[in-house]
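Fold and geometry: a report
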Amino acid sequence: MADKDCIELVGKIGSVALIDGRNGTIDYNKFARLGRQLAPGMVWVSSGATEIGRLDYHKRTGRSLDEDDDTAKTDYAAQGQAILMQLYREFIPSAYSVRQLLVEHQHFNDEKKRGHIKRFLLRCAEQAAVPIVNYNDSVSDEETRKLEIHKLVETRGEAVQLVDNDETAAQIANLLHAKRLIIFMNGVGICKKVGDPSTLIKTIGGATAEQVVKNIEEVKSYCVGASRKGAFGAAAKLDYIESCIDGGTTVYIASADCDIADVISGAAPRTAIGVGL
């Protein structure tokens, strides 16, 4: 399939959005609403395995693993990933196949592996399948990962790190020349005043990609904080998507409570970023 046959949409949702924080349980309503919207031609990047695994382990044993132990993340992720995929399979329309893709930083720093991933994702669209992508935390040792990335930076000057699934989604959007990238978050989008929806920045646009990127840099001054430990916040989201703008992708940052179609149409509050906006 040629590059012109690009994927319509790459989307990403984070762990916090998939958990009912008040009750400390999986938000099944969120999975049900989201699953009904997913279809072939979309690639969905979903966090949540580690947190879902933690909840499931506690429910079954009445205890938690040592949260300060890096191996706990491995164990929780391995337990939660199976449940994550089960939930997407349950709620994505039965006419569509559902496929799992677990990635690591090394896959995006190797051209052959990038090409393999690209061809797989394009075949999903051809074969009426919805791919669900997540970082492979169950085989990720933090110390080893940092060492590998450091070596890549030393030899190449830069490296794809995939320390956050926002970056994963942006890298996939670039790889596939996606028309649109949606990043769901807790807030309504990028706001001038964090936590104040009335200050929502509805559009970051420009006549050229260079102008859009310049405007993104100015907006970053409003961005502070992150939704959870280990998350990188709104400024990091803007960092990751700059290369998408160069590639012609229109980016939307919106609340995970919104429907995909409403985000794209503008019926839901969101920050839209792209050339010509």
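Here we summarise the structure given alongside this text. (Residues numbered from 1 in each chain as written. Predicted model: local features only at pLDDT ≥ 70, side-chain atom pairs only at ≥ 80, totals over all residues. Heavy atoms only, no water.)

**Quick notes on the overall build of the chain**
Helices and strands together make up the secondary structure of the chain, namely nine helices and ten strands. Seen through its C-alpha atoms, the chain measures out along the principal axes to roughly 55 × 45 × 40 Å. Burial status across the chain gives 52% buried among its 277 residues. Put simply, of all contacts in the chain between residues at least 6 apart along the chain, 72% involve residues at least 24 apart. Averaging the locations of the 34 positively and 38 negatively charged side chains of the chain gives two centres separated by 4 Å. (Helix = DSSP H or I, 4+ residues; strand = E, 2+ residues; numbered from the N terminus. Buried < 20%, exposed > 50% of the residue type's maximum accessible area, 1.4 Å probe, protein only. Contact = heavy atoms within 4.5 Å. Lys, Arg positive; Asp, Glu negative; His and termini not counted. Charge placed at Lys NZ, Arg CZ, Asp CG, Glu CD.)

**Thoughts on the pairing of strand β7 (residues 180-185)**
Here is the key point about a regular strand: its side chains alternate between the two faces of the sheet. Of all six residues in β7, five are buried; the element is thus mostly enclosed. Relative to β7, strand β1 (residues 9-13) runs parallel, the two sharing four bridges. Within the sheet, the bridge partner assigned to K12 lies in β7 and is I183. Bridging between β7 and strand β9 (residues 250-255) involves six bridges; their strand directions are parallel. Bridged to I182 within β9 is Y252. (Pairing = 2+ DSSP bridges.)

**Remarks on a negative patch on the surface**
A grouping of D66, D68, D69, D70, D75, D141, E143 and E148 is seen on the molecular surface, where their side chains present a negatively charged patch. Secondary structure elements with two or more residues in the negative patch: α3 (70-91) and α5 (142-156). Relative to the elements of secondary structure, D66 occurs in the loop between α2 (49-61) and α3. (Patch = residues over 30% accessible without salt bridge, like charges linked within 9 Å, V, L, I, M, F, W, Y side chains within 5 Å. Areas by Shrake-Rupley, 256 points an atom, 1.4 Å probe, with all protein chains shown as cover. Salt bridge = Lys/Arg side-chain N within 4 Å of Asp/Glu carboxyl O.)

**Overview of unusual backbone geometry**
Even without a glycine there, the phi angle at A128 is positive, about 55°. Looking at where A128 falls in the secondary structure, it is placed in the loop between α4 (111-126) and β6 (129-135). We note that H177 has phi near 55°; this positive angle belongs to a residue other than glycine. In this fold, H177 is placed in the loop between α6 (165-176) and β7. Residue class for H177 comes out partly exposed when judged on its relative accessible area of 35%.

**Considerations on α2**
Helix length check: α2 (13 residues) gives 18 Å between terminal C-alpha atoms against 18 Å at 1.5 Å per residue, within 8%. Turning to α2, its buried residues are A49, I52, G53, L55, D56 and Y57. Its buried side turned inward, α2 meets β2 (19-20), β3 (25-26), α1 (28-37), α3 and β6. Following α2 by one or two positions, G62 adopts a phi angle in the positive range, close to 75°. (Expected span 1.5 Å × (residues − 1).)

**Some details on the side chain of D27**
Note that D27 resides in the loop between β3 and α1. For D27, which is buried and forms no salt bridge, the nearest opposite charge comes from K30, at a distance of 4.1 Å. Among residues more than four places away in sequence, those in contact with D27 are L18, I19 and D20.

**Considering the pattern of salt bridges**
Enumeration over the complete set of coordinates arrives at 14 salt bridges. E51 is paired through a salt bridge with R54; the nearest N and O atoms lie 2.6 Å apart. Placement of both E51 and R54 in helix α2 is noted, with a separation of three residues, approximately one turn of the helix. Each of E217, K220, D239 and E242 takes part in one network of salt bridges that share partners.

**Remarks on α5**
Taking 1.5 Å of rise per residue, 15 residues should cover 21 Å, and α5 covers 21 Å from first to last C-alpha, within 8% of that figure. All buried positions along α5 are accounted for by R145, I149 and L152. Along the axis of α5, the buried residues cluster in a sector spanning 55°; they form a single face. Away from its buried face, by an angle of more than 90 degrees, α5 presents the exposed residues E143, K146, E154 and T155. Turning to α5, the residues buried within the fold contact β6. Looking one or two residues past α5, G157 carries a phi angle of roughly 90°, positive in sign. (Arc of directions from axis to C-beta.)

**Section: the packing of aromatic side chains**
For the structure on display, the rule yields three aromatic pairs. Arranged with centres 6.0 Å apart and planes meeting at 55°, the rings of W44 and F184 form a pair that is tilted. Of the two residues, W44 is situated in strand β4 (residues 42-46) and F184 in strand β7; the sequence distance between them amounts to 140 residues. In this pair, the class of W44 matches that of F184, namely buried. (Phe/Tyr/Trp six-rings, centres within 6.5 Å; stacked < 30°, edge-to-face > 60°.)

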